[in-house]
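Listed here are the chains, written in short residue letters.
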Amino acid sequence: MTVKAYAVLLRGINVGGKRKLPMGELRTLLSGLGFDDVRTHLQSGNAVFTSAAADEDALAARVSEAIERHFGFDVDVLVRDGAYLKAVADACPFPAASLEGKQLHVTYFSEPVDASRLDKIDPAAFLPEEFRLGDRALYLYAPDGLGRSKLGEVLSRPALFEGVIATSRNWNTVAKLVELTREPPRG
């Protein structure tokens, strides 16, 4: 039985006092689902666990259903294994090592996104900000941070990725999730 480390990425919780989901309760909930080595990172909806289960979509559905039962609201959930998270980080088209974490973001998608969804965005109009598509991910370089990013504002419009779960993390969180989901020790 192969055990993998997974990250749970929750979208839109603990923002502006809405959809409050305390991380301690999330850890308890995930442990109650039978997951091991449960930890959380920050208050913005990042957790990690280990499991022998292999279907990320099924894991995400289990977590989503449990959150709705326990907290009374629906949350978009993505579950990704450590190998995928590392591959996304390694494939970053921007010089992550020389940037501040707030300058680089990754939006993770529930499925591959066709580049044609982005055809109406004129990249030259947003320079020096830039974006690139990756494997179920979009990389955003915003030198002044996401809060001031005009390109980030355009890329976050719900209609742009309609029908796809999308949730973003800054590079510091991307790197931390890679670290937290390294393959568990074999015993």
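Scroll up for the structure.
So, a few notes on the structure that sits alongside this text. (Residues numbered from 1 in each chain as written. Predicted model: local features only at pLDDT ≥ 70, side-chain atom pairs only at ≥ 80, totals over all residues. Heavy atoms only, no water.)

**Here we look at the side chain of Thr 50**
Move 1: Inspection of the secondary structure assignment puts Thr 50 in strand S3 (residues 46-51).
Move 2: By relative accessible area, which is 7% here, Thr 50 ends up buried.
Move 3: Of the polar contacts made by the side chain of Thr 50, one reaches the side chain of Asp 37; its length is 2.8 Å. (Helix = DSSP H or I, 4+ residues; strand = E, 2+ residues; numbered from the N terminus. Buried < 20%, exposed > 50% of the residue type's maximum accessible area, 1.4 Å probe, protein only. Polar contact = N/O pair within 3.5 Å; in protein donor to acceptor, adjacent residues only side chain to side chain.)

**Observations concerning the packing of aromatic side chains**
Move 1: By the definition in use, this model includes six aromatic pairs.
Move 2: Considering the side-chain rings of Phe 35 and Phe 49, the 3.9 Å spacing of their centres and the 15° angle between planes classify their relative orientation as stacked. Of this pair, Phe 35 sits in the loop between helix H1 (23-32) and strand S2 (36-41) while Phe 49 sits in strand S3, and the two are 14 residues apart along the sequence. For the pair shown, Phe 35 and Phe 49 are each scored as buried.
Move 3: Taken together, the ring pairs connect Tyr 6, Phe 35 and Phe 49 into an aromatic cluster.
Move 4: The side chain of Arg 80 reaches across the aromatic face of Tyr 84, ending 5.6 Å from its centre. (Phe/Tyr/Trp six-rings, centres within 6.5 Å; stacked < 30°, edge-to-face > 60°. Lys NZ or Arg CZ within 6 Å of the ring centre and 35° of its normal.)

**Looking at the environment of Val 174**
Move 1: Tracing the chain through its elements places Val 174 in helix H5 (residues 171-180).
Move 2: Distance in space between the C-alpha atoms of Val 174 and Val 88 is 9.0 Å, their sequence separation being 86 residues.

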